[in-house]
Amino acid sequence: MISSALSVSNIFLVPAYIAIMLATSSALAAAEIGESDTYPRVDGNVIFRLANDSIYAAETSFARNSVFSKSKDYFGEMIASPRVHFSERLSISSEIRLEGVRPPTEDRVFEDQGLFARKLFAEFSLSDHFSLHAGKFTPSFALASLVAPGMYGINFSKEIELIERIGFGSEYIFDVGESGKHKLSVSTFFDDTSILSDSLGSRRGQKRLSDGGASNTESFESFTVSLEGNEISWLPGFTYKIGYIHEARGEGDAADEDGFAVAAMQSFQLSDGTSLFLFGEVAPLWNFEGSADDIVYSSAGVLYQTGSWNMILTGTHRWRDLDDGRTYNDYSLQTAAKHDFGDGISFEVAHEFIRDKNLNSRRVGFRLIRMLDLRQ
């Protein structure tokens, strides 16, 4: 156990802290130079959202389930993802978020907003096929939380996204011609317990070893391995991903967590300006989050695009066998529509039926979105 202020987490993030200090001056230099082959330079994007979630017809009370009880929540979000390129091979990536850091327990208007770093890592490309990264990042495992369309498309699947982990990772791309490009990703990590696990504004509170939880060990006992591929000439528009995860138990946990994820996506170009996107994923996990519970996530979705309109239907099922013999048979069904106004501006509205911990509720919401590219 590491209890000193200068813990493993903070030592490991020292290069990333230095990179943040350099990011602003690098961005200005890049903007003045204005050429893609000069360094340092910055790219990435910033996303702003003005949003509302209104939960209605809930079967539960705040005391039993604060996430899905009746509430009207008006909030803003900012996701800044700058990437600073110091050379052709070396870069620093980050993801800085301003968003709600806790679920609503009553009606809210722009409350409980916190600023924090979700990612902050260095990447070094040894070649066009092989790269290494280190810092605070999201290890590669499942796919649905990254690709499911719509405001509520990742409502359950985001629970198995490995956000805010600290560690090392590598990626190797196999280019096998007509059989496609296939990327092998390997990572070892632990849950972030550094000062970056807290937030400014509304405080999340710094995570500690005593909190327990899967991979909360401050040691490299947890890992993921994944393989994904696309650009297969005899399967045009097809993408697959297979992942394995092992997360060591934290203090007070029942057991280590193990799991698999198998996902596939397929896109079709129906005509000029019209396309169809399909995806599906199944992810069983044992001793979920270090508990004695087993859980299975299943996700599927359809996106139909015509011109500037997207019509979306997604569903997620979550089956959980509890240690006490009970089961949760939960699911989420979303219908959504999104309109792209151009110039990075879009508007989306959605409805979701939710069954969480065997209790039903419904919600509607909207997102007004503005995305800005960070270009030199």
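See the structure above.
Please read all numbers here as calculations on a predicted model, not as lab measurements.

Visitor: Lay out the pattern of salt bridges with the relevant residues and their values.
Guide: Per the counting criterion, the structure on display carries 31 salt bridges. Lys136 is the salt-bridge partner of Asp192, the closest N and O atoms lying 2.7 Å from each other. Of the two residues, Asp192 is situated in the loop between strand E8 (181-191) and strand E9 (200-201) and Lys136 in strand E6 (residues 130-137); the sequence distance between them amounts to 56 residues. Neither Asp192 nor Lys136 differs from the other in exposure class; each is buried. Because the salt bridges share partners, they merge into one network encompassing Glu95, Arg97, Glu99, Arg118, Lys119 and Glu161.

Visitor: Describe the nonpolar core, listing the residues and the values that go with them.
Guide: Of all hydrophobic cores here, the largest spans 14 residues; its most connected members are Phe141, Ile160, Ala283, Leu285, Phe288 and Tyr297. At the level of elements, strand E13 (274-286) and strand E14 (294-306) are the ones that each hand at least two residues to this core. Setting aside residues up to four positions removed in sequence, Ala283 forms contacts with Ile160, Phe260, Ala261, Ile295, Val296 and Tyr297. Judged by nonpolar contacts, the second largest core, of 13 residues, contains Ala148, Tyr152, Met265 and Phe277.

Visitor: I'd love a proper account of the side chain of Glu348, names of residues and values included.
Guide: Its place among the elements puts Glu348 in strand E17 (residues 345-356). Summary of buried charges: Glu348 has no salt-bridge partner, and the nearest side chain of opposite charge, Lys338, is 4.6 Å away. A polar contact of 2.9 Å, which involves the side chain of Glu348, links it to the backbone nitrogen of Met151. In this structure Glu348 touches Gly150, Met151, Ile312, Ala336, Ala337, Lys338, Gly365, Phe366, Arg367 and Ile369, once residues within four positions along its chain are discounted.

Here is what the cut-offs are and how they apply
Residues numbered from 1 in each chain as written. Predicted model: local features only at pLDDT ≥ 70, side-chain atom pairs only at ≥ 80, totals over all residues. Heavy atoms only, no water. Salt bridge = Lys/Arg side-chain N within 4 Å of Asp/Glu carboxyl O. Helix = DSSP H or I, 4+ residues; strand = E, 2+ residues; numbered from the N terminus. Buried < 20%, exposed > 50% of the residue type's maximum accessible area, 1.4 Å probe, protein only. Core = buried A, V, L, I, M, F, W, Y, C linked by side-chain atoms within 4.5 Å. Contact = heavy atoms within 4.5 Å. Lys, Arg positive; Asp, Glu negative; His and termini not counted. Polar contact = N/O pair within 3.5 Å; in protein donor to acceptor, adjacent residues only side chain to side chain.

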